[in-house]
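Spelled out, the chains give:
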Amino acid sequence: MSRALARDGIAQERLQLRAFVADAETRAVIAQVAGDLMITGASIHNGTVRDAITVLGRERSPRILIVDISTSELPLSDIDELAEVCEPGVSVIAIGERNDVGLFRELIHHGITDYLVKPVTATLLQRALVQAVEGQAPHQRQTGRLGRIVAVMGARGGVGATMVATSLAWSIATSRHRRVVLFDLDLQFGSVALALDLDPANGLRDAVENPSRIDGLYLDRTLVRHSDTLYVLGAEEPLDDVVRADRDAVGLLLQELQAKFHFVIVDLPRQISVATQQVLQSATNLVLVSDLSLAGMRDTLRIVQLMHALNVGCTVNVVINKGGEYRAGEIPKSEFERGIGRSVDLVLPFDARRVCAAINSGRPVASTSGPVAEQLRELAERICGNKAAGRTGLFKRLLAMVR
Ligand SMILES: Nc1ncnc2c1ncn2[C@@H]1O[C@H](COP(=O)(O)OP(=O)(O)O)[C@@H](O)[C@H]1O
Ligand SMILES: [Mg+2]
């Protein structure tokens, strides 16, 4: 198996400023101000917020985005749709023709940094841009927009948690085209990088042990690229050593990842440590994987109960994997559900041929064919939420994200 090392500085490919504006006059003002402020990576298009949605659905978001909403029939729903495709941490300045305080307030509620009314003057635009860069815009949320943390944990060892985590990350990154980092919190035995045919980079250990190490550039060097939208954070630390993860360092690391990625998928080791607790406390979703064994049932229940105490707002999905492996020896699903006091969301069948073939060749199971792959892709869709529901309220989702 060739384990290709593919790494790049993900900060470098990002434009500083991108604008989609329909009239030449405003575009000229933006070009002038970008020049005055010496913003080198600026790209100014003839277009509207609709074009921004299309382009940013497939390309990286700039740090500051200017969109024209003057021809928008439903500006708020366009802004929500834009928020769906934009990366976390982007400042969006809207430009329109309506001088309407009500609209302004609504736009701010929907996550916009500032709203400027045409004709836009260089002075006004310059002030808005400077405030956006410095994070001092009057309505900038303190936390900014953050990506979601999806923790994946096995109730027992070997039940397929890594397989599920890898497939979820790949599916969200590929079919939803969201920026995803797959973070392997087992720094010694973790197998996420191996499952994707990659070599982990050095540096994760330092980042989880020392809160002072964490900054954007350091992280960029530690991330390994699988595709334009999927990155891996893992390690293969020697076994004759002890990794001492620090709670604050893991918290800071998660925050830094959330500012860079739409989804942070964490493959958790089963031992409860300060690091796993930190992830479980910050998670928006937990995917709990078990087999249909008695021990699996007991520990699924215990982890579900732990989540009630640690993070009651976290959405927990229970996934049974390798269903049918032990046939008559398994606990029936209905009994398992009674035992854990809730329903099971998904049963993935045991399929040694397809699953092992995918894993042994370094491919995510979800990228192959068969019922396991299909159901994993469905689970990824469910975790992302369907689009129609997602459009209803960015503000609500922002609250959920920063919780
Ligand atoms: N649905 C399945 N059918 C057959 N084998 C599976 C299935 N899911 C996982 N496996 C196998 O089980 C083993 C353990 O999976 P892994 O994802 O490493 O588990 P965990 O992370 O929970 O320890 C792997 O060798 C994998 O190939
Ligand atoms: Mg594992």
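All figures in this text were calculated on a predicted structure; none of them were measured in a lab.

Let us look at the overall build of the protein. In terms of regular secondary structure, the protein is built from 17 helices and 13 strands. Taking all 403 residues of the protein together, the buried fraction comes to 51%. Expressed as a percentage of contacts within the protein between residues at least 6 apart in sequence, the contacts between residues at least 24 apart total 78%. About 17,800 Å² of surface is accessible on the protein, with carbon and sulfur atoms providing 51% of the total.

The next subject is the sheet that holds strand E3 (residues 64–68). Spatial strand order, E2-E1-E3-E4-E5: five strands in an open sheet with parallel pairing. Each having just a single partner strand, strand E2 (42–46) and strand E5 (114–117) make up the two edges of the open sheet. Adjacent strand axes in the sheet meet at a mean angle of 15°, parallel and antiparallel pairs treated alike. In this structure, strand E1 (residues 17–21) lies alongside E3, joined through four bridges in parallel fashion. Residue pairing in the sheet places Arg18 in a bridge with Leu65 of E3. The strands touched by helix H2 (residues 49–56) are E1 and E3; relative to E1, the strand with the most contacts, the crossing angle is about 135°. Helix H5 (residues 122–134) contacts E1, E3, strand E4 (91–96) and E5 of the sheet and is inclined by roughly 140° relative to E3.

Definitions and limits used
- Residues numbered from 1 in each chain as written.
- Chains lettered and ligands numbered in written order.
- Predicted model: local features only at pLDDT ≥ 70, side-chain atom pairs only at ≥ 80, totals over all residues.
- Heavy atoms only, no water.
- Helix = DSSP H or I, 4+ residues; strand = E, 2+ residues; numbered from the N terminus.
- Buried < 20%, exposed > 50% of the residue type's maximum accessible area, 1.4 Å probe, protein only.
- Contact = heavy atoms within 4.5 Å.
- Areas by Shrake-Rupley, 256 points an atom, 1.4 Å probe, with all protein chains shown as cover.
- Pairing = 2+ DSSP bridges.
- Axes fitted to C-alpha atoms, helices over the stretch in contact; angles between N-to-C directions.

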